[in-house]
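Take a look at the letters that make up each chain.
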Amino acid sequence: MSRTDRALWPSLLAPSDHGRPDLCAVSAEGVRVRFADGRELLDGSSGLWNTNIGYGNRAIARAAAEALTDASYLSVFRYENTYARRAAAELVELAGAEHYGRVLFSTSGGAANDLVMKLARQYHALRGEGRRKVVVGLRGGYHGLTFGGFALTGDDLGQQVYGVDQRLVRHVTPNDPAELTALLSRQGAQIAAVVVEPVLGSGAVPLTDDYLATLLALREEYGFLLVADEVATGFCRTGEFFATERWPARPDLLIASKGLTNGTSAAAAVLASRRVAGVFDEADAVLSHGETQAGTPVTCATILATLAEMRRLDAVGLSHRLAARLDDRLAELAATHDLVTGSTGAGCFRSIRMRTPDGEPFPQAEVPALVAAVRAAGAIVHPGVNGVQLFPALTYTEADLDELLGCVRAGLDAVTTAPLVGAGPGAVR
């Protein structure tokens, strides 16, 4: 291996696995990814949960090429551009113009969470409640690895090592109304926002109806902003375009990213309610946030093209039909494989939970090796809590889904017959 083969420092991969040809993708089409070692694998993770309508969509590619040719680079940093105006207007209409009024563009889910934390604090300051600076997240929630989003992320991923400041962040247990109520009773006047994922990305845990009802009632009582982090659940991943469409009431702020451009651009959007935006309008207040590559012509062109393609393909219908087939296949897997205890999640956002032969939860340290076993069988899946997570593209055929579950079963069988050791993609038996 040459020095240049290891010039790249990839994310969340041990240095011992850098430069491996079997982990270096070279191309993708439909729902399959080709790697430098010559293998083509079925993608059961939709990229990083973001290629919701598959790889290589020609309409989205044409839109990107046209924007790059016609406009190259235009910003929304002290300026506007027509592409961003059109994309913002369409997102507001999609999410509900009766509730949402404005869109702020960002470049990632993590950066958008940073933006939201600033926006919420300034909103309260403009209303004369400057002491509201605490932001609440959920244990097990994931909001990115930028410093603000990292502070809000509810798993211990090294925040203390990196000196992440969490003094103005609190975490509560998901689906525990009593704990949230107790926190608000103690610190309600200091809380600027509560940020939740409709389905927690770590473990695919949906918020219960009871918890949502409590959350919405507490918002009315204490006046915090409710933020829905729909980075993963948006764009038909759990059925409708946004999971919060099924909530009894809408959030004050909604974060979208992953499926926003079908994975083609570094993009995120924060949709602000008319009430929240109105406070800034009335004060003519400037929000101190800006990103060089946010809201560019190519980004916004791919947003518009993605929305058009999702409508053309009836992505909502595709999602519901695939979810129903997933329900059947996962129930069958749980009924016929000794290591599978069941599944969690919603729609096409699912987690397979496992146990060891002696009935204990499957060790988290062995999950990456299980992922490697499924990969050896021919499919890419995502590590989960005590098992693996599945995020198939909405364009999956029945044959694709059968193939994915077949690869998962083969990986599980490999675990059954030969215990795995090691914690990286190259784990050995």
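An account of the accompanying structure is given in this report.

What counts, and at which threshold
- Residues numbered from 1 in each chain as written.
- Predicted model: local features only at pLDDT ≥ 70, side-chain atom pairs only at ≥ 80, totals over all residues.
- Heavy atoms only, no water.
- Helix = DSSP H or I, 4+ residues; strand = E, 2+ residues; numbered from the N terminus.
- Buried < 20%, exposed > 50% of the residue type's maximum accessible area, 1.4 Å probe, protein only.
- Polar contact = N/O pair within 3.5 Å; in protein donor to acceptor, adjacent residues only side chain to side chain.
- Contact = heavy atoms within 4.5 Å.
- 1 Å grid on protein atoms, 1.4 Å probe; cavity = no way out; pocket = protein on both sides within 12 Å on 5 of 7 lines; lining within 4 Å.
- Points joined across faces, edges and corners; volume = space filled by probe spheres on them.
- Nonpolar A, V, L, I, M, F, W, Y, C, P; charged D, E, K, R; others polar.
- Pairing = 2+ DSSP bridges.
- Axes fitted to C-alpha atoms, helices over the stretch in contact; angles between N-to-C directions.
- Core = buried A, V, L, I, M, F, W, Y, C linked by side-chain atoms within 4.5 Å.
- Patch = residues over 30% accessible without salt bridge, like charges linked within 9 Å, V, L, I, M, F, W, Y side chains within 5 Å.
- Areas by Shrake-Rupley, 256 points an atom, 1.4 Å probe, with all protein chains shown as cover.
- Salt bridge = Lys/Arg side-chain N within 4 Å of Asp/Glu carboxyl O.

**Examining the side chain of Thr238**
Inference 1: With respect to the helices, strands and loops of the structure, Thr238 is situated in the loop between β10 (225-229) and β11 (253-256).
Inference 2: Overall, Thr238 belongs to the buried group, its relative accessible area being 6%.
Inference 3: In terms of polar contacts, Thr238 uses its side chain to reach the side chain of Arg246, at 3.3 Å.
Inference 4: When near neighbours in sequence (up to four residues on either side) are disregarded, Thr238 contacts Val199, Thr233, Ala243, Arg246, Ser319, Ala346, Gly347, Cys348 and Phe349.

**Here we look at the layout of surface pockets**
Inference 1: Here the second largest pocket is characterised by a volume of approximately 1100 Å³.
Inference 2: Lining of the second largest pocket is provided by 31 residues; of these, Val76, Arg102, Val103, Leu104 and Leu287 occupy positions nearest its centre.
Inference 3: For the lining of the second largest pocket, the element with the most residues is strand β4 (residues 100-106), which contributes 5 residues.
Inference 4: Of the residues belonging to the lining of the second largest pocket, the class tally is 19 nonpolar, 5 polar and 7 charged.

**A closer look at the sheet that holds β4**
Inference 1: Sheet architecture is open: 7 strands sit in the order β4-β12-β11-β10-β7-β5-β6, paired in mixed fashion. On the outer flanks of this sheet lie β4 and β6 (169-172), each paired with one strand and no other. Between one strand and the next, the sheet's axes are offset by a mean angle of 20°, whatever the strand orientation.
Inference 2: Here strand β5 (residues 134-138) pairs with β6 via 4 bridges, running parallel. Bridge assignment links Gly137 to a residue of β6, and that residue is His171.
Inference 3: Packing against the sheet, helix α6 (residues 177-187) makes contact with β5, β6 and β7 (191-196), and its axis sits at approximately 150° to β6.
Inference 4: Contacts from helix α8 (residues 274-283) reach β4, β10, β11 and β12 (268-273) within the one sheet, and its direction differs from that of β12 by about 85°.

**Things to note about the nonpolar core**
Inference 1: Counting residues in each nonpolar core, the largest one holds 67 residues, and the members touching the most others are Leu91, Phe105, Phe235, Ile352, Leu390 and Leu404.
Inference 2: A total of 8 residues in this core trace back to one element, the largest contributor, which is helix α3 (residues 82-95).
Inference 3: If you look at the next biggest cluster of nonpolar residues, it comprises 28 residues, including Leu119, Val164, Val279 and Leu287.

**What about a nonpolar patch on the surface?**
Inference 1: On the surface, Leu12, Tyr142, Leu145 and Leu157 cluster together into a nonpolar patch covering about 420 Å² of accessible area.
Inference 2: Structurally, the position occupied by Leu145 is in the loop between β5 and α5 (147-152).
Inference 3: In this structure Leu145 comes out as partly exposed when scored by relative accessible area, which is 40%.

**Observations regarding helix α11 (residues 367-377)**
Inference 1: With respect to burial, α11 is a largely interior element, 8 of its 11 residues being buried.
Inference 2: Turning to α11, its buried residues are Val367, Ala369, Leu370, Val371, Ala372, Ala373, Val374 and Arg375.
Inference 3: Looking one or two residues beyond α11, the residue adopting positive phi is Gly378, at roughly 125°.

**Some remarks on the sheet that holds strand β17 (residues 387-390)**
Inference 1: Read across the sheet, 4 strands follow the order β13-β14-β17-β16 without closing on themselves; strand pairing throughout is antiparallel. Looking at strand neighbours, the two that pair on one side only are β13 (340-346) and β16 (382-384), the edges of this open sheet. Here the strands of the sheet are splayed against their neighbours by 30° on average, with no regard to which way each runs.
Inference 2: Examined bridge by bridge, strand β14 (residues 349-354) and β17 share 4 bridges and lie antiparallel to one another. The residue of β17 that forms the bridge with Arg353 is Gly387.
Inference 3: Most of the contacts of α11 go to β16, to which it runs at about 145°, and overall it touches β14, β16 and β17.
Inference 4: Of the strands in this sheet, β13, β14 and β17 touch helix α12 (residues 398-417), which is tilted by about 170° from β17.

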